[in-house]
2 protein chains.
Amino acid sequence: MALAVSKRFLGMEEVTSGTLRKMKTKLLALVERLRVGADSFSCFHLLIFILKRDAQVKIMEGTVNNAEKYLGQFCMLLASYARKNARLRDKVDLLVRQIMDFANTENPELRRCLKDLGEELSKIQDYRQAEVERLDAKVIAPLKAYGPLTKSKRADIKKFNSVRNREIKELENLQKLKQRNPLDRQGIVSFPKAEANVQKASIDVNHTTHQLEEIILKFQQQKLKDIKTIFSNFVTIEMIFHAKALEMYTNAFQHLNNFDEEKDLKV
Amino acid sequence: MALAVSKRFLGMEEVTSGTLRKMKTKLLALVERLRVGADSFSCFHLLIFILKRDAQVKIMEGTVNNAEKYLGQFCMLLASYARKNARLRDKVDLLVRQIMDFANTENPELRRCLKDLGEELSKIQDYRQAEVERLDAKVIAPLKAYGPLTKSKRADIKKFNSVRNREIKELENLQKLKQRNPLDRQGIVSFPKAEANVQKASIDVNHTTHQLEEIILKFQQQKLKDIKTIFSNFVTIEMIFHAKALEMYTNAFQHLNNFDEEKDLKV
């Protein structure tokens, strides 16, 4: 029997050709491992079912792995962004100190102008400090929480895999028993204990799969909600900072505009 | 004769008590150096004149030194500020790349939302790049130009000091000649060559002082104008950047707000 495994047949239209190729290879390996004859049609259908379920779990695993990888990257990069902003704040604080010192060496008009400028710059750094603190609390901390969360989801997948391996083992056992004993006239041999074990393992694995599906669905729901919230927080924090900075720079521009150098030259 | 040197007497109301104390010390040192007797009233007045002129040059020197020191500091700190901004841009560029990669692993709604967010963040980094380039051209470069400028002004002051030292030397020579020769009956001795040298040196020093006054006045005018321009440039560049960032973040907020996670969960 030719292995015409199509995406539609597997009920997973979204899988890529690459994934499909890999699945074909795995199916052939399973056929080999369980020594299923090309004529053993019902067993072949069981394998397709296992493979389909495995592919679904693979997708769930991908979801968890991507979340771990990318949310981890976002966390690291945004923490670095916050730190770099803190360094920018320190640099402007130094600049403000120098502006204030310089103001004290100058005549009244420039002195007043520079002090006003320094104060506006200083206020911007206060807002920058608030930006850094908010980023830490409302963006970086929730992203960091995804580390332990994805770890726990991976543990759930591991649990599924061990249950699923037990099922495959029971199937192997049953196949071995069948191959050791020649067929009777009706072509039927019965191994009640081994068949009961396979059935029990199948029930277990179905139960675990169902649990896993629910866990990953909840995780996915939470993840989508969190991504929206975290990035909205990020954008809002930045909007507040930029709006405040714009306001302060507008004031600073006014102070500079009002500075009349002629008055100082008359002194 | 008591050395009652007051600020008013020196015609420099703006000098501080500290400066006044230093001037008293210098005056006493000059009296000692030129061996002026407490009775040599006319010579004492000449010393006061020299000292007053020296104090004025000291103020000019202070103006140039402060400009060199503080504008140099501003240049260094703002260059560092620009570099730190460039690093912030690089960090967000990396974040954008990760957001785009993550978008490709997600379902259509989140994918579109993340790509839109990434594009807005990317545009902000383009504006940040423009900010860095403008800071370099319109703030840091003109501040840097003050390095050679203040150096040339210091050379002018050095030139004045050497002319002024020649004058003091000629005065010393004259005093020595007078002390070596006892007074005639009218209490007058005459040393035509030495007196002519003193007069020539005095003319030179007055000419140089006048030149120096003009140079420093022009420098001061230019400095006030430049400080106003440079800081106005800085503030304008920052205003443009923050206004643009605010605009892009507002768009990003809209994209996030439009993201409907339910649609993705249905997929």
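In case you missed it, the structure is sitting above this.
In what follows, the accompanying structure is described. This is a predicted model, so every value here is computed, not measured.

### Quick notes on empty space enclosed by the protein
Stage number 1. Overall, the coordinates contain one cavity of 30 Å³ or more when judged by the stated rule.
Stage number 2. Lining of the largest cavity is provided by 16 residues; of these, A:R128, A:F241, A:H242, B:R128 and B:F241 occupy positions nearest its centre.
Stage number 3. The set of elements that each furnish at least two residues to the lining of the largest cavity consists of α3 (41-104), α4 (108-144) and α6 (192-258) of chain A together with α3 (41-104), α4 (108-144) and α6 (192-258) of chain B.
Stage number 4. For the lining of the largest cavity, the residue count by class is six nonpolar, four polar and six charged.

### A short note on the pattern of salt bridges
Stage number 1. Evaluation of the coordinates by the stated rule reveals 26 salt bridges over all chains.
Stage number 2. A salt bridge links B:D204 to B:K200; its shortest N-O distance comes to 3.3 Å. With B:D204 and B:K200 both in helix α6, this residue pair falls four residues apart, about one helical turn.
Stage number 3. The class of B:K200 is exposed, set by a relative accessible area of 53%.
Stage number 4. Three or more residues are tied together by salt bridges with common partners; here these are A:E109, A:R112 and A:K263.

### A look at the interface of chain A and chain B
Much of the literature gives interface size as the accessible area that the parts lose upon coming together.
Stage number 1. Counting from both sides, the interface comprises 56 residues of chain A and, opposite them, 56 residues of chain B.
Stage number 2. With both chains or domains summed, chain A and chain B bury close to 5500 Å², and 78% of this area falls on carbon and sulfur atoms.
Stage number 3. Across the contact surface, chain A and chain B share four salt bridges.
Stage number 4. We note a salt bridge from B:E261 to A:K228, for which the minimum N-O separation is 3.9 Å.
Stage number 5. For the side of chain A that touches chain B, the secondary structure elements donating two or more residues are α3, α4, α6 and α7 (261-266) of chain A.
Stage number 6. Of all the elements, α6(A) adds the most residues to the side of chain A that touches chain B, at 25 residues.
Stage number 7. Looking at side-chain class alone, the side of chain A that touches chain B contains 31 nonpolar, 13 polar and 12 charged residues.

The rules behind these values
- Residues numbered from 1 in each chain as written.
- Chains lettered and ligands numbered in written order.
- Predicted model: local features only at pLDDT ≥ 70, side-chain atom pairs only at ≥ 80, totals over all residues.
- Heavy atoms only, no water.
- 1 Å grid on protein atoms, 1.4 Å probe; cavity = no way out; pocket = protein on both sides within 12 Å on 5 of 7 lines; lining within 4 Å.
- Points joined across faces, edges and corners; volume = space filled by probe spheres on them.
- Helix = DSSP H or I, 4+ residues; strand = E, 2+ residues; numbered from the N terminus.
- Nonpolar A, V, L, I, M, F, W, Y, C, P; charged D, E, K, R; others polar.
- Salt bridge = Lys/Arg side-chain N within 4 Å of Asp/Glu carboxyl O.
- Buried < 20%, exposed > 50% of the residue type's maximum accessible area, 1.4 Å probe, protein only.
- Contact = heavy atoms within 4.5 Å.
- Buried area = accessible area lost by both parts, 1.4 Å probe.

These figures come from the coordinates and say nothing about function on their own.
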